[in-house]
Amino acid sequence: MIAPIPIDIGSALKTLVLVFDLVGTFVFALSGAASGVKRQLDLFGVLVLSFAAGNFGGVLRDLLIGATPPAALSDRRYLAASLLAGLITFLWYPAVRRLRSAVLIFDGAGLALFSVSGAQKALAFGIDPLMAALLGMLTGIGGGMVRDVLLSDVPVVLRSDIYAVAAFAGASVVVAGDALQLPATAMACAGAAICFGLRMAALRLGWHLPVAGPPGKPAPKPDTAKEDPDR
Amino acid sequence: MIAPIPIDIGSALKTLVLVFDLVGTFVFALSGAASGVKRQLDLFGVLVLSFAAGNFGGVLRDLLIGATPPAALSDRRYLAASLLAGLITFLWYPAVRRLRSAVLIFDGAGLALFSVSGAQKALAFGIDPLMAALLGMLTGIGGGMVRDVLLSDVPVVLRSDIYAVAAFAGASVVVAGDALQLPATAMACAGAAICFGLRMAALRLGWHLPVAGPPGKPAPKPDTAKEDPDR
Amino acid sequence: MIAPIPIDIGSALKTLVLVFDLVGTFVFALSGAASGVKRQLDLFGVLVLSFAAGNFGGVLRDLLIGATPPAALSDRRYLAASLLAGLITFLWYPAVRRLRSAVLIFDGAGLALFSVSGAQKALAFGIDPLMAALLGMLTGIGGGMVRDVLLSDVPVVLRSDIYAVAAFAGASVVVAGDALQLPATAMACAGAAICFGLRMAALRLGWHLPVAGPPGKPAPKPDTAKEDPDR
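Residues numbered from 1 in each chain as written. Chains lettered and ligands numbered in written order. Predicted model: local features only at pLDDT ≥ 70, side-chain atom pairs only at ≥ 80, totals over all residues. Heavy atoms only, no water.

An unreviewed UniProt entry lists chain A under the name Trimeric intracellular cation channel family protein, with Noviherbaspirillum galbum given as the organism. Quoted straight from UniProt, the Subcellular location (unreviewed entry) entry for chain A says "Cell membrane". Listed in UniProt under the heading Sequence similarities (unreviewed entry), the comment for chain A reads: "Belongs to the UPF0126 family." (UniProt positions renumbered as here; feature names shortened; annotations may be inferred.)

This is how it looks when you write it as structure tokens:
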């Protein structure tokens, strides 16, 4: 009889989180690169947008909590994942476009992971719990916001469906778990699952937040953004 | 004969400053929310603009002087004031619009207080006096600039009447008083009064800075912005 | 016979670097001011763009590496150089426009110096070498990016010719020299020369990076930007 190989759960989880984190960065970077290609930037511009979309959620969080230099500047794997996504999109944009459904799913996974890990890092820096949940949300949505500001667009997250709310919900679970001293890993998984589930449901069912337009102007169609492959 | 109740002037002033600070945040947040409603953002987008307009002047100052995490992330009352302003504007935009004259007055008060308190904080962090005055100005105008950048507009403060100049004047009084070792509270009041007075006079009398247009193009009408209720 | 005056090479070089640094700030500020005049900002707006274009490359670098307050807020000479450039452009825009060729040359020199000094500062703060090279590049291109974002334009550096690449090349020489423990001053000069030479060659020969447009849209003419006097 063969002795079972002892599995180090903590280490396996750590690797899993790193893989998810890099996949999230990669997918967010795809969205940045695709926006850059659509706006006909040159190769450098496309790579800048890849890096910004993939990493600036965390960079903004780290600047706000005083964790300088930001993690994205210390670990080259995030740079590598971003540039790889940028190059692939630059070279094979039509193929990336065709994979939009898969990209949206991975984007939701990235959002879930970033929001949860962002909230955890903010808590670790002693930030007020409510603000930590908001910083978790910012970690998830900030990269896309910087991408849109660089392209001189109003950030798409400010005008369409359930994206930031899903990020906030996931981050809130982590923060609540911390306040109630529940096991951190379990709450992180629960938070990520809730964020991902909300985001997928919003995409499937076309959920969106109310829009208040000034009287006399028709409301925009908020569901147009949900088909955007580059979100 | 009843003994007079001893009044703690210092504590009363502190409360007064806090009240003004929250009112300033609230009014600045109103301007952010109104811009968001006009651009037909969803509820989340309107709240983000409220928070950004109400708090990012101070956040930018704190990032620049290294005071992380910024005050707006440590005290929930600023978040509460911002979100309240955002919700009110989202729900009752026409009513907020009708109150534009009152909003402009409170906006001037917020500008005065933010500029003065921003300069004080920069001085307390050992910043060069001239730069402290500029950081005071940034505290007053930065929230509106972030609001405009998020909406993909050129910041209105860069192209119209006496707004930043009033903020700089108020902050300069504080800095000069500090250099001359005059009483801080009195100089803060004087600085705020000068900023507020300049701003009100500029609104009433249509003062504005010169505009240099390239030859061949007509100059814009710089006074159109002064009636903007959402500034 | 007269004894030769001893020349302090180190001190002379330091003065030379300061002069170049201020000239670089001045020329970058010219570009910011010219953009502001073209967009018909008022005097305050023009001065803000001057300061942003002249200094925000370094400010962004300093925020990211945690070197707060940024150098531009500690030394008034940078403020003075920026405001001088802004005033000159505001008052005599047509003359500044006519000097566009000279400005482009000085702009290349500023790019070279900022990239090299930016990489050196990042290394001094213990940043990973590859990231230090990227931060050197950011020091060179960041001011122009902030200028463009404030004007609600897509940063010109993201869509045209060899500008960021020259900055990255120059910064990389500094970083490589540091890794190989070569003399810092010589490598800084070599890096600056390579950046400047690449930039001038790109201008002369119309070099630019490839642009990937989505199918069905014609590619833009990437060389139009290279004649822009306000870059």
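Let's pick the thread back up.
**Q** Just to check I follow, could you spell out the relation of the copies chain C and chain B for this structure?
**A** Both copies of the chain are related by a screw-like operation: a rotation about an axis and a shift along it. When chain C is brought onto chain B, the operation consists of a screw motion whose angular component is 120° and whose axial shift is 0.0 Å, with 0.0 Å RMSD remaining. This pairing of chains is accounted for by a three-fold axis. Scanning chain C for the C-alpha nearest the rotation axis identifies Ser-152 of chain C, at a separation of 3.2 Å. Mapped onto chain B, only 11% of the interface residues of chain C again fall at the interface, so the copies present different surfaces. (Least-squares fit on C-alpha atoms with pLDDT ≥ 70 in both. Contact = heavy atoms within 4.5 Å.)

**Q** Please clarify how the nonpolar core should be interpreted in this entry.
**A** Soluble globular proteins tend to pack their nonpolar side chains together in the buried interior. Phe-44 and Ile-141 of chain A, Phe-44 and Ile-141 of chain B together with Phe-44 and Ile-141 of chain C are the most contacted members of the largest nonpolar core, which totals 181 residues. Element by element, the count of residues in this core is highest for helix H2 (residues 43–65) of chain B, at twelve residues. Setting aside anything within four residues of it in sequence, one finds Ile-141 of chain A in contact with Leu-111, Val-157, Tyr-163, Ala-164 and Ala-167 of chain A together with Phe-44 of chain B. (Core = buried A, V, L, I, M, F, W, Y, C linked by side-chain atoms within 4.5 Å. Buried < 20%, exposed > 50% of the residue type's maximum accessible area, 1.4 Å probe, protein only. Helix = DSSP H or I, 4+ residues; strand = E, 2+ residues; numbered from the N terminus.)

**Q** What am I meant to see in the layout of surface pockets here?
**A** Rolling a probe over the atoms, with the probe sized like a water molecule, indicates the empty space that remains. Residue and element names in this part refer to chain C. Computed from the structure, the second largest pocket encloses a volume of approximately 630 Å³. Contributing to the lining of the second largest pocket are 22 residues, with Val-17, Leu-113, Val-116, Gln-120 and Ala-188 lying nearest its centre. Elements represented by at least two residues in the lining of the second largest pocket include exactly helix H1 (9–38), helix H5 (100–124) and helix H8 (184–205). Ranked by the residues each element gives to the lining of the second largest pocket, the list is headed by H1, at eight residues. Looking at the lining of the second largest pocket residue by residue, the classes come out as 16 nonpolar, four polar and two charged. (1 Å grid on protein atoms, 1.4 Å probe; cavity = no way out; pocket = protein on both sides within 12 Å on 5 of 7 lines; lining within 4 Å. Points joined across faces, edges and corners; volume = space filled by probe spheres on them. Nonpolar A, V, L, I, M, F, W, Y, C, P; charged D, E, K, R; others polar.)

**Q** Is there a simple way to think about the UniProt feature "transmembrane region" (unreviewed entry) in chain A in this case?
**A** All names here are of chain A. UniProt records the feature "transmembrane region" (unreviewed entry) for residues 12–31, 43–64, 76–93, 99–116, 123–142, 162–180 and 187–207 in the present numbering. Here residues 76–93 is 94% helix and 0% strand, with 25 Å between the C-alpha atoms at its ends. The span residues 162–180 is 84% helical and 0% strand by assignment, and the distance between its end C-alpha atoms comes to 27 Å.

**Q** Got a minute to help me understand the confidence of the model for chain A in this structure?
**A** With 87% of its residues at a pLDDT of 70 or more, chain A shows a mean pLDDT of 85. Confidence drops under a pLDDT of 50 for residues 216–231 of chain A, and excluding neighbours within four residues, the segment shows 38 contacts in the predicted structure. (pLDDT = per-residue confidence, 0-100.)

**Q** What should I look at first to understand the relation of the copies chain B and chain A in this one?
**A** Mapping chain B onto chain A is achieved by rotating through 120° and translating by 0.0 Å along the same axis, at an RMSD of 0.0 Å. The share of interface residues of chain B whose copies in chain A are also at the interface is only 12%, consistent with the copies meeting through different surfaces.

**Q** Any chance you could explain the interface of chain B and chain A here in plain terms?
**A** Many structure descriptions define interface size as the accessible area lost when the parts assemble. Counting residues at the interface gives 26 residues for chain B, matched by 36 residues for chain A. Here chain B packs against chain A, burying approximately 2600 Å² in sum over the two surfaces, 70% of which is carbon and sulfur. The largest share of the area that chain B buries against chain A comes from Gln-40, Phe-44 and Leu-73 of chain B, three residues that together contribute 28% of it. Taken together, chain B and chain A are joined by one salt bridge. Between Asp-128 of chain A and Arg-76 of chain B there is a salt bridge, with its nearest N and O atoms 3.0 Å apart. Linking chain B with chain A are five residue pairs in polar contact (both at pLDDT 80 or more). Mapped by element, the contributors of at least two residues to the side of chain B that touches chain A are helix H1 (9–38), H2, helix H3 (76–91) and helix H6 (129–150) of chain B. Grouping the constituent residues of the side of chain B that touches chain A by class yields 17 nonpolar, four polar and five charged. (Buried area = accessible area lost by both parts, 1.4 Å probe. Salt bridge = Lys/Arg side-chain N within 4 Å of Asp/Glu carboxyl O. Polar contact = N/O pair within 3.5 Å; in protein donor to acceptor, adjacent residues only side chain to side chain.)

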